[in-house]
Protein chains: 2
Amino acid sequence: MPAYHVPLREFRFVLNEMLGIERFSNLPGFADAPQDVADQILEEGAKLAQNVLVPLNKIGDSEGCTRHPDGSVTTPTGFREAYRQLVDGGWPSLSSDPDFGGQGLPHVLNLAFNEMVSSANMAFGMYPGLSHGAYSAIHNHGSAELKAIYLPRLVSGEWTGTMNLTEPHCGTDLGLLKTKAVPQADGSYRISGQKIFISAGEHDLAENIIHLVLARIEGAPAGVKGLSLFVSPKYLVNRDGSPGARNGVVCGSIEHKMGIHGNSTCVLNYDDAVGYLVGEAGRGLNAMFTMMNEARLGVALQGYSQSEAAYQNAVIYAKDRVQGRSLTGTKSPEKSADPIIVHPDIRRVLMGARAFNEAARAFTYWTALYGDLQHKSPDEALRQKAGDYMALMTPVLKGYLTDLGFAHAVACQQVYGGHGYIEEWGMSQFVRDARIAMIYEGANGVQALDLVGRKLGQNGGRAIQTFFAELDDFIAAHESDDALKPFIDGLRSAKARLLDATGWLVQNGLANPDEAGAASTDYLHLFGLTAFAYMWAMMAEKALQNQGNEPGFYATKLATGRFFLARVLPESGALLEKIKAGGATIMALEEAAF
Amino acid sequence: MPAYHVPLREFRFVLNEMLGIERFSNLPGFADAPQDVADQILEEGAKLAQNVLVPLNKIGDSEGCTRHPDGSVTTPTGFREAYRQLVDGGWPSLSSDPDFGGQGLPHVLNLAFNEMVSSANMAFGMYPGLSHGAYSAIHNHGSAELKAIYLPRLVSGEWTGTMNLTEPHCGTDLGLLKTKAVPQADGSYRISGQKIFISAGEHDLAENIIHLVLARIEGAPAGVKGLSLFVSPKYLVNRDGSPGARNGVVCGSIEHKMGIHGNSTCVLNYDDAVGYLVGEAGRGLNAMFTMMNEARLGVALQGYSQSEAAYQNAVIYAKDRVQGRSLTGTKSPEKSADPIIVHPDIRRVLMGARAFNEAARAFTYWTALYGDLQHKSPDEALRQKAGDYMALMTPVLKGYLTDLGFAHAVACQQVYGGHGYIEEWGMSQFVRDARIAMIYEGANGVQALDLVGRKLGQNGGRAIQTFFAELDDFIAAHESDDALKPFIDGLRSAKARLLDATGWLVQNGLANPDEAGAASTDYLHLFGLTAFAYMWAMMAEKALQNQGNEPGFYATKLATGRFFLARVLPESGALLEKIKAGGATIMALEEAAF
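Since the model is a prediction, treat every value here as computed from it, not as a measurement.

K.L.:
Honestly, the overall build of chain A in this entry has me stumped. Any pointers?
P.N.:
When its secondary structure is counted, chain A shows 16 helices and eleven strands. Expressed along its principal axes, the backbone C-alpha trace of chain A runs to roughly 80 × 60 × 60 Å. Relative to its full complement of 594 residues, chain A shows a buried share of 64%. Across chain A, contacts joining residues at least 24 apart in sequence account for 73% of those joining residues at least 6 apart. Looking at chain A as shown, the accessible area adds up to about 19,800 Å², and 52% of this sits on carbon and sulfur atoms. Separation of charge centres in chain A, based on 50 positive and 64 negative side chains, amounts to 3 Å.

Right, dumping it as structure tokens:
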């Protein structure tokens with residue numbers, strides 16, 4: 001069975017040393033999680049992940065979910081009991097609003113817990129993950145009545161939630177969607193239509209499932225401006241809050257997917273299902289984006305969480321499997337061959353994955369902390385900066401961490417040779433599960449377009465200018481630090497390339513939007529690399545500062561960072577060159593020539 | 001059902017225009033396949049691939065193979081009938097020795113047929129593919145008696161063949177293998193041991209299966225020098241050539257794999273199975289390499305064949321699926337949205353795949369032609385060059401075409417959005433099937449080490465020097481050709497970088513072999529990119545020459561080549577930079593730090 005051990009020391013390094021979240025103990029929630037409490041929470045979370053969720057990961061993959069003729073769905077063996085333990089432990093409520101039973105702790109702490117769950121069992125983690133998105137949409141946009149009815153049980157985890165956007169003929173282009181909502185005399189709506197790809201859309205883990213559904217109110221205009229968001233529960237809710245009559249939404253089938261078999265991906269058929277408007281009519285997309293943005297951070301995390309799990313297993317295998325001798329002389333004369341971790345090409349793969357995983361975690365938590373600050377900081381300028389960063393970094397995180405997370409999971413699978421291809425060993429599952437993260441919550445090409453077409457230019461480019469200024473400040477503050485010099489040099493070079501690419505985009509993308517589209521994915525990757533260079537510079541700074549306390553840990557951290565500078569960061573040059581080559585060759589062919 | 005249409009025009013372009021195989025009509029076999037005959041053969045092959053094999057691809061994936069309690073294995077529905085048609089059509093004999101019933105046609109033509117089969121149904125194609133490897137090993141190394149008994153029926157396809165190398169504890173490091181062979185009074189051997197990952201190891205397609213088995217003759221030295229190669233048939237062969245008593249080799253189980261479900265991957269248990277020595281005792285690895293090298297070309301082809309199939313389907317989907325509007329204004333006002341092929345990021349993926357597929361096909365056939373020349377040319381210098389190129393290019397083809405073939409299949413899957421993740425649509429299968437090509441017949445890391453550690457330095461570097469000289473000659477011959485200039489510039493720059501990297505390797509790899517190991521994969525990719533730059537230059541030259549005849553086809557060819565120059569070739573700079581960064585950061589950590 002594949003292993004996964006929560007790298008708590010790495011978590012603590014990012015949270016306590018690099019981000020220093022204790023600095024924010026004046027803010028609501030942060031005060032309740034001083035370092036010792038936060039550490040304890042993470043340790044308890046690690047127990048749940050390792051002892052309960054890891055053993056169910058392969059079972060979930062092999063068994064998958066089963067839909068019965070009545071439309072009910074059974075999750076894999078053990079998922080119900082594991083979900084009960086999750087709820088009993090109070091985990092779904094970690095960062096939710098205390099007014100509705102939540103613990104109100106920082107989101108960044110919740111995200112750290114989510115990473116453990118996702119590395120341990122990505123398909124399982126999606127059930128509570130989507131609930132939290134539904135919670136946020138209602139919390140941010142719902143009426144007081146809706147909040148009172150739905151939030152407490154979503155917070156406790158007694159009920160779960162879903163997001164219903166996609167229809168057979170539309171995913172990215174939600175303006176095309178057809179599901180309709182007919183107003184009723186009592187202020188409610190009746191919803192009819194078909195939604196597909198609904199993760200966790202039907203299951204046996206919770207007593208009710210709260211669907212957040214995008215639909216068009218009868219008579220509303222075509223396009224996205226005609227969309228509204230509704231709550232439509234699986235069971236209507238009685239006055240006492242208990243689940244009542246079955247609503248008109250049924251799982252028509254479940255999909256046979258490449259991975260995440262443990263999560264039920266449903267076709268949901270709405271047939272005059274009762275629904276309640278969330279927020280204003282016609283502002284559905286806006287409300288949905290609250291869920292989407294949160295979900296995108298969660299998906300970014302899924303990308304690197306699979307790379308982390310795959311990495312840990314590849315290390316175990318590479319130390320255990322003996323094959324051939326080191327090129328520089330026998331290392332394990334007592335064995336018939338040396339463990340394959342002696343081979344440089346195996347090291348290249350392992351170093352690549354760990355350099356990615358550590359920077360990805362840092363980048364995710366660094367951004368998530370701004371998510372907390374955006375809502376909780378008393379400093380208006382900081383709130384604005386935090387909001388800008390959340391908007392700017394979300395597509396970068398989603399696109400870069402899932403593209404690279406998948407690639408590193410594939411590379412770690414390769415360490416196993418032929419055994420990597422055999423399902424029994426579990427490496428295939430990490431790859432197959434990681435693959436979906438590049439697709440859902442907005443395919444990565446859509447993220448790239450969101451970045452160059454929307455986020456870069458918002459408020460006159462304020463967000464990216466703030467980011468560039470932050471990089472410049474960091475470089476200026478540390479350029480006389482000899483020990484940090486290689487990291488500062490790397491960051492300076494990456495930043496210069498990103499600035500160059502940004503300037504090129506402004507010049508060319510405005511005149512011809514196809515130039516922006518043609519550059520978008522390479523630009524997103526260049527942005528991700530630059531952010532990683534910043535993360536490594538910040539991590540190296542702390543490692544140099546603190547290395548006296550625990551030399552081994554920090555020496556490894558610095559060595560991993562140096563690998564990033566030498567063997568990963570050079571990709572920024574090729575990306576810039578591709579971007580500046582322009583889009584003409586991409587768009588040259590007539591459609592018929594394909 | 002996923003589609004696949006054999007791109008015959010592309011095949012003819014490479015064979016007839018770029019390679020001009022009619023130039024070799026003085027050679028045995030080539031004389032029998034003038035252009036019109038070769039074209040006809042390919043057209044007939046395309047019918048088999050499209051009409052018979054494509055419809056079975058998804059069935060093979062869903063059903064997989066079934067092992068029965070008696071050790072027999074049933075292939076998926078339709079495979080038996082398809083295999084019968086393959087045999088009836090004489091396809092297995094295409095390029096085999098006429099002395100044993102073969103048609104003696106050029107290998108490069110056979111490879112073109114194999115590409116069709118592999119794009120249509122990779123798992124099916126492995127059954128005849130492995131037979132051909134067994135044929136080659138016996139043909140090159142077997143005694144006259146073994147040839148007489150086994151070759152005619154391997155050539156006809158009545159029997160199939162396998163390669164038995166891997167054991168549970170060894171794959172790459174065959175020196176560790178334990179299967180033993182005990183000499184018998186009659187000159188035969190009795191073989192005992194366990195072999196794993198045996199593709200096509202047991203099935204119901206043919207009346208006999210001829211296993212080529214590496215084993216250690218009792219008393220032989222440890223390591224690879226103690227290995228010998230044996231023929232061990234599933235059924236012993238009667239004097240009249242018919243299958244007789246069952247031999248002591250049985251399929252113990254079949255693997256559950258990530259892909260290629262239609263091919264049975266077997267554990268084969270040898271229990272005093274009768275075997276016959278092929279070639280000299282102790283020279284088994286040498287004989288096995290005859291099979292391996294041929295197999296590696298076949299695997300390279302599998303890599304891009306899946307990218308080709310995935311590309312064709314992505315094009316169909318991108319033209320059909322409407323979603324959003326073009327950034328430069330509505331293109332299909334009559335539809336609710338524009339087809340997604342209008343979007344630059346979708347174009348980027350499609351152009352990337354086609355630029356790869358076309359160069360990969362050219363590179364494979366170009367190399368395979370040298371395989372013919374190595375054996376058939378009367379010119380000794382050419383035979384030597386051909387042999388050098390086969391040795392040098394085989395690891396590059398295997399490593400680069402399978403790494404990139406997989407990456408492009410993944411990219412094409414992405415075009416489908418969520419539907420790409422649903423098995424029903426078939427894109428997942430291309431990805432899952434393509435994944436194995438990076439692993440088997442020597443994992444790609446082993447190919448990279450073979451390239452830098454063995455092939456580069458052979459005969460004082462003669463092969464690579466010949467290749468560099470050929471590139472220089474081509475550049476010199478065409479540098480005054482204005483129309484070809486961008487291609488010559490691209491080739492010159494790539495060649496300079498590969499030369500630089502080669503020099504760096506010679507300098508540093510000899511002093512510290514770990515430096516060679518650390519650079520090996522990036523070097524292999526840089527080599528592949530440079531070879532592609534050469535293929536594109538040669539293709540562009542012919543396209544410019546011939547464009548008057550069929551302007552659309554050649555304009556598309558040139559546009560695809562220009563995309564390669566602008567948006568792919570820049571990667572060579574990053575690869576060179578990574579190589580020259582050296583291996584220190586890769587090898588910095590103690591084993592315990594992982």
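After presenting the structure, the write-up continues.
K.L.:
When you look at the relation of the copies chain A and chain B in this model, what are you seeing that I'm missing?
P.N.:
For the pair of chain copies, the relating operation is a rotation around an axis with a shift along it. Superposition of chain A onto chain B requires a rotation of 180 degrees combined with a translation of 0.0 Å along the rotation axis, giving an RMSD of 0.0 Å. What the superposition gives is, in effect, a two-fold axis relating one chain to the other. If distances are taken from each C-alpha of chain A to the rotation axis, the shortest is found for Ala574(A), at 2.8 Å. Counting the interface residues of chain A, we find that 100% of their copies in chain B are interface residues as well, pointing to one common contact surface.

K.L.:
Can you help me understand the environment of Pro486(B) in this one?
P.N.:
Residues and elements named next belong to chain B. With respect to the helices, strands and loops of the structure, Pro 486 is situated in helix H13 (residues 485-511). On the accessibility criterion, Pro 486 (38% relative accessible area) is partly exposed. Spatially, the C-alpha atoms of Pro 486 and Ala 540 are 10.0 Å apart, while their sequence positions differ by 54 residues.

K.L.:
Can you walk me through the interface of chain A and chain B in this structure?
P.N.:
The parts lose accessible area when they come together, and the size of an interface is often stated as this lost area. On the side of chain B, 92 residues touch chain A, which itself brings 92 residues to the contact. The junction of chain A with chain B conceals about 7,800 Å² of combined surface from both sides, 60% of it contributed by carbon and sulfur atoms. If you sort the residues of chain A by the area they bury against chain B, Tyr421(A), Arg567(A) and Phe594(A) come out on top, with a joint share of 12%. Counting across the chain A and chain B interface gives four salt bridges. Arg567(B) is the salt-bridge partner of Asp522(A), the closest N and O atoms lying 3.0 Å from each other.

K.L.:
Would you explain the pattern of salt bridges in this entry?
P.N.:
It is possible for side chains of opposite charge to pair when their charged atoms get near one another. All names here are of chain B. Counted according to the given criterion, the structure contains 58 salt bridges over all chains. Notably, a salt bridge pairs Glu 358 with Lys 557, separated by 2.9 Å at the nearest N-O pair. Placement of Glu 358 in helix H8 (residues 344-376) and of Lys 557 in helix H15 (residues 551-567) is noted, with a sequence separation of 199 residues between them. Exposure class is identical for Glu 358 and Lys 557. Each is buried.

K.L.:
Help me understand the packing of aromatic side chains in this model?
P.N.:
Two aromatic rings, taken as a pair, are described by how far apart their centres are and by the angle between their planes. Under the counting rule described, the total for this entry stands at 57 aromatic pairs over all chains. Between Tyr317(A) and Tyr416(A), the aromatic rings sit 4.2 Å apart at their centres with planes inclined by 20 degrees, giving stacked as the arrangement. Here Tyr416(A) lies in the loop between helix H9 (380-415) and helix H10 (427-437) and Tyr317(A) lies in helix H7 (residues 284-320), a separation of 99 residues in the sequence. Among the residues examined, Tyr416(A) registers a relative accessible area of 6% and is labelled buried. Taking the centre distance of 5.9 Å and the plane angle of 70 degrees together, the rings of Tyr416(A) and Trp425(A) count as edge-to-face. Classification of Trp425(A) as partly exposed rests on a relative accessible area of 34%. Across from the ring centre of Tyr235(A), 5.5 Å away, lies the NZ or CZ of Arg246(A), which sits over that ring. One residue, Arg9(B), lies across the ring of Phe553(B), its end atom 4.0 Å from the ring centre.

K.L.:
How should the pairing of strand S4 (residues 180-183) of chain A be read in this particular structure?
P.N.:
Regular strands place their side chains on alternate faces of the sheet. All names here are of chain A. Pairing of S4 with strand S5 (residues 189-199) involves four bridges; the strand directions are antiparallel. Each residue of the ladder has a partner; that of Pro 183, found in S5, is Tyr 189. Between the antiparallel neighbours S4 and S5 lie five residues, among them Gly 187 with a positive phi of about 95 degrees.

K.L.:
I keep staring at the packing of helix H1 (residues 8-18) of chain B against H8(B) and nothing clicks. Help me out?
P.N.:
Residues and elements named next belong to chain B. H8 packs onto H1 with a crossing angle of 45 degrees between their chain directions and a minimal axis gap of 10 Å. It follows that H1 is oblique to H8 by the angle criterion. Crossing of H1 over H8 shows right-handed handedness. Contact residues: Glu 10, Phe 11, Val 14, Leu 15 and Met 18 in H1; Arg 354, Glu 358, Arg 361, Ala 362, Tyr 365 and Trp 366 in H8. Taken together, the residues of the contact of H1 with H8 sort by class into seven nonpolar, no polar and four charged.

K.L.:
Mind showing me how you'd approach the environment of Val224(A) here?
P.N.:
All names here are of chain A. Along the chain, the position of Val 224 falls in the loop between strand S6 (208-217) and strand S7 (227-233). Residues Val 224 and Asp 173, spaced 51 residues apart in sequence, show a C-alpha to C-alpha distance of 8.6 Å. Beyond its immediate stretch of four places on either side in the chain, Val 224 contacts Leu 174, Gly 175, Gly 282 and Leu 285.

K.L.:
I keep staring at the packing of helix H12 (residues 458-478) of chain B against H13(B) and nothing clicks. Help me out?
P.N.:
All names here are of chain B. Axis separation between H12 and H13 bottoms out at 10 Å; the angle between their running directions is 155 degrees. As summarised for this structure, H12 and H13 are arranged roughly antiparallel, according to the angle between their axes. Remark: the crossing between H12 and H13 carries left-handed chirality. Of the residues in H13, those touching H12 at Ile 464, Phe 468, Leu 471, Asp 472, Phe 474, Ile 475 and His 478 are Ile 488, Leu 491, Arg 492, Lys 495, Leu 498, Leu 499 and Thr 502. For the contact of H12 with H13, the residue count by class is nine nonpolar, two polar and three charged.

K.L.:
Would you mind showing me how to read unusual backbone geometry here?
P.N.:
Among all residues save glycine, negative phi is the norm, and among peptide bonds the norm is trans. The backbone phi angle of Phe197(A) is positive, close to 60 degrees, even though this residue is not glycine. Within the element layout of this structure, Phe197(A) appears in strand S5. Its identity is not glycine, yet Asp272(B) carries a phi of approximately 55 degrees, on the positive side. Among the residues examined, Asp272(B) registers a relative accessible area of 40% and is labelled partly exposed.

K.L.:
Help me understand the environment of Ser131(B), please; the structure alone is not making it clear to me.
P.N.:
Residues and elements named next belong to chain B. Take Ser 131: it is sitting in helix H5 (residues 122-141). Using a relative accessible area of 5% as the deciding quantity, one classes Ser 131 as buried. Residues Ser 131 and Ala 318, spaced 187 residues apart in sequence, show a C-alpha to C-alpha distance of 38 Å. Among the polar contacts made by the side chain of Ser 131, one reaches the main-chain carbonyl oxygen of Tyr 127 at a distance of 3.1 Å. From its side chain, Ser 131 meets the backbone nitrogen of Gly 161 in a polar contact 3.1 Å long.

K.L.:
Even after reading the chapter, I still don't get the state of the cysteines, so can you show me in this structure?
P.N.:
What makes a disulfide is a covalent bond joining the sulfur atoms belonging to two cysteines. Taken as a whole and judged by the stated rule, the model has zero disulfides over all chains. For the unlinked cysteine Cys251(A), the closest cysteine sulfur is that of Cys266(A), found at 3.8 Å.

K.L.:
What exactly am I supposed to notice about the confidence of the model for chain A here?
P.N.:
Caution is warranted with low-pLDDT regions, since their predicted coordinates should not be read in detail. When pLDDT is averaged along chain A, the result is 97; 100% of the residues meet or exceed 70. Reported for the predicted complex are a pTM of 0.98 and an ipTM of 0.98.

K.L.:
Before we go on, may I ask you to explain H1(B) in this structure?
P.N.:
Residues that lie three or four places apart on an α-helix share one face, since the helix turns once every 3.6 residues. All names here are of chain B. When you tally the buried positions in H1, you get ten out of eleven residues, the bulk of the element. Every buried residue belonging to H1 is among Leu 8, Arg 9, Glu 10, Phe 11, Phe 13, Val 14, Leu 15, Asn 16, Glu 17 and Met 18, and all of these are buried. Contacts from the buried residues of H1 go to helix H2 (35-63), helix H4 (107-120), H8, helix H14 (513-546) and H15. At the C-terminal side of H1, Gly 20 shows a positive phi close to 50 degrees.

K.L.:
Please clarify how the nonpolar core should be interpreted in this entry.
P.N.:
Where a protein is soluble and globular, its nonpolar side chains tend to be buried together. One finds Trp366(A), Tyr523(A), Trp366(B) and Tyr523(B) to be the most contacted residues of the largest nonpolar core, which totals 421 residues. Ranked by the residues each element gives to this core, the list is headed by helix H14 (residues 513-546) of chain A, at 20 residues. Once residues within four sequence positions are removed from consideration, Trp366(A) is found in contact with Met18(A), Leu19(A), Tyr389(A), Met393(A), Phe467(A), Glu470(A), Tyr534(A), Met535(A) and Met538(A).

Cut-offs and rules
Residues numbered from 1 in each chain as written. Chains lettered and ligands numbered in written order. Predicted model: local features only at pLDDT ≥ 70, side-chain atom pairs only at ≥ 80, totals over all residues. Heavy atoms only, no water. Helix = DSSP H or I, 4+ residues; strand = E, 2+ residues; numbered from the N terminus. Buried < 20%, exposed > 50% of the residue type's maximum accessible area, 1.4 Å probe, protein only. Contact = heavy atoms within 4.5 Å. Areas by Shrake-Rupley, 256 points an atom, 1.4 Å probe, with all protein chains shown as cover. Lys, Arg positive; Asp, Glu negative; His and termini not counted. Charge placed at Lys NZ, Arg CZ, Asp CG, Glu CD. Least-squares fit on C-alpha atoms with pLDDT ≥ 70 in both. Buried area = accessible area lost by both parts, 1.4 Å probe. Salt bridge = Lys/Arg side-chain N within 4 Å of Asp/Glu carboxyl O. Phe/Tyr/Trp six-rings, centres within 6.5 Å; stacked < 30°, edge-to-face > 60°. Lys NZ or Arg CZ within 6 Å of the ring centre and 35° of its normal. Pairing = 2+ DSSP bridges. Axes fitted to C-alpha atoms, helices over the stretch in contact; angles between N-to-C directions. Parallel < 35°, antiparallel > 145°, perpendicular 65-115°, else oblique. Left-handed = near helix turned anticlockwise from the far one by under 90°. Nonpolar A, V, L, I, M, F, W, Y, C, P; charged D, E, K, R; others polar. Polar contact = N/O pair within 3.5 Å; in protein donor to acceptor, adjacent residues only side chain to side chain. Disulfide = S-S within 2.5 Å. pLDDT = per-residue confidence, 0-100. Core = buried A, V, L, I, M, F, W, Y, C linked by side-chain atoms within 4.5 Å.

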